[in-house]
Amino acid sequence: MKRSSGVLLHISSLPSPYGIGTLGREAYRFADRLRAAGQSCWQVLPLGPTSYGDSPYQSFSTFAGNPYFIDLEELAEEGLLRRGELEAVDWGEDPRQVDYGKLYENRFRILRRCYERGWERSREAVEAFAREKPWLEDYALFMALKGRFGMKSWTEWEDEDVRLRRRDALERCRQALGEEIRFYAFLQYLFFRQWKRLKDYVNGLGIRIIGDLPIYVALDSADVWAEPEFFQLDQRNRPTEVAGVPPDYFAADGQLWGNPLYDYDRMRADGFGWWIRRVEGAAQLCDAVRIDHFRGLESYWAVPYGDKTARRGRWRKGPGMDLVRVLTGWFPDLAFIAEDLGFLTPEVRQLLKESGLPGMKVLQFAFDPREPSDYLPHTYDHNCVCYTGTHDNETLLQWERGADRASAAFAREYLGVGHAARLNRAILKAGLRSVADTFIAPMQDWLELDGRARMNTPGTAGGNWRWRMGAGDFDEALVRRMADWTRMYGRE
């Protein structure tokens, strides 16, 4: 594989005057800057519509796109919005932070005006789009029903016939909620139309888009409601066990994620058709896909539903190569990245080796002088993706300022830089010159930002996923530095 490098920046973090990054002008401008900087990869987080908590890893659908990302400027140019309507909305006070509360209050109100003005002219195109997206019917109905039931999780809907998807009840709802169903279908039509145009442009610059596939889907999702047979649910469609990770040095109670677990026996009997459809959807959006929590395909931690911690969980075997072989066989042109971070057993290492997929190396994890580390660059082989950090990490500058004296001293000695040198820049260069086929750095690390720009702090409930880049941050000086370093280490 050709040596390459790129940047991790989620769509939400792009500049925009309307509260959150979109698929509009600034996305194209960012792609132009990446190309000028010699980068050939743009990595994003999951693109689905976010639910409570605003995490892109907890989405109402694994197939749908986030309506927040629809570019309002383009809709105004098409006559579906008026400039005054956009300017009258309070999108938040800080252009470097997403205000999800104000976004939730205002964005859909604006998008409804687009629907009211645009449905008749777009009806045939939306209907044609729906025929190409078999998941859309269930998703649009699911979202319409959530509105009807006060946005509660579908597991709490009062109408059991609807919750359990009895045919007569669903038909009744389709008739009663036709307008809402059309609204949500229209939004997906807008998202996918804008995304395709952006992706074609980005690919035309020679840049690949790397997407992110969470290993689990949210319990409160159209995916689980529409196809409960593929999940570990009881007769009333309540989970029997849910996902998490066991207690460790960092979390005495483990981590209770709460996602429903897959019924892999049922999926295997179906030829993993659900996964094939899911990855096919991802392949329409991206050129490569990072499989989050890859170790869960070898074995996963199952916690009894209703438990308040993950302590009483147990390890259960995953589908392993049976699933990996199906996916790589069905999608030979789609590149996969295995997120293999954390404590890896020999069985997980064997699965990664047998799969042939590149794993991840995170430089922030490398510089512990107390024990050998697989994240130090001299241990890499070429078949991996090197990161300075991920969306869950501190920024490099934050890490440098908070590192203990021994770790910082070891990092400087390993990297061959003195105390006067910028350690964060030395780490970026170490990733670029490593033998890893691909090197990715979050945009925050190139911008040399502190902890205020951190994207997510695992285990915390609020204040995450909010950081946004300023309109002038990716300037010519940074473009030149990135291009020079990328050229120096042969990653063009």
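Residues numbered from 1 in each chain as written. Predicted model: local features only at pLDDT ≥ 70, side-chain atom pairs only at ≥ 80, totals over all residues. Heavy atoms only, no water.

Caption draft 1: Representation of the environment of Asn106 within the structure. Within the secondary structure, Asn106 sits in helix H4 (residues 100-132). Separated by 17 residues in sequence, Asn106 and Val89 have C-alpha atoms that sit 7.1 Å apart. Apart from the residues within four sequence positions on either side, Asn106 is in contact with Val89, Asp90 and Trp91. (Helix = DSSP H or I, 4+ residues; strand = E, 2+ residues; numbered from the N terminus. Contact = heavy atoms within 4.5 Å.)

Caption draft 2: Local environment of the sheet that holds strand S2 (residues 41-43). Strands sit in the order S9-S6-S3-S2-S1-S12-S11-S10 across an open sheet of eight strands; the sheet is parallel. Unpaired on one side and paired on the other, strand S9 (335-338) and strand S10 (359-362) mark the two borders of the sheet. The sheet shows a mean angle of 25° between the axes of neighbouring strands, direction not considered. Of the pairings in the sheet, the one linking strand S3 (residues 208-213) to strand S6 (residues 288-291) comprises four bridges and is parallel in character. Note that in S6 the partner of Gly211 across the bridge is Val289. Strands S3, S6 and S9 of the sheet are contacted by helix H11 (residues 273-285), whose axis makes an angle of about 150° with S3. (Pairing = 2+ DSSP bridges. Axes fitted to C-alpha atoms, helices over the stretch in contact; angles between N-to-C directions.)

Caption draft 3: Main features of H4. In a regular helix each residue adds 1.5 Å, so 33 residues correspond to 48 Å; H4 covers only 31 Å between its end C-alpha atoms and thus falls short of that length. Where H4 bends most, at Trp119, the angle is about 75°. Where H4 begins, the side chain of Asp99 points an oxygen toward the backbone nitrogen of Gly101, at a separation of 3.2 Å. (Expected span 1.5 Å × (residues − 1). Bend = angle between axes of the 7 residues up to and from the residue. Polar contact = N/O pair within 3.5 Å; in protein donor to acceptor, adjacent residues only side chain to side chain.)

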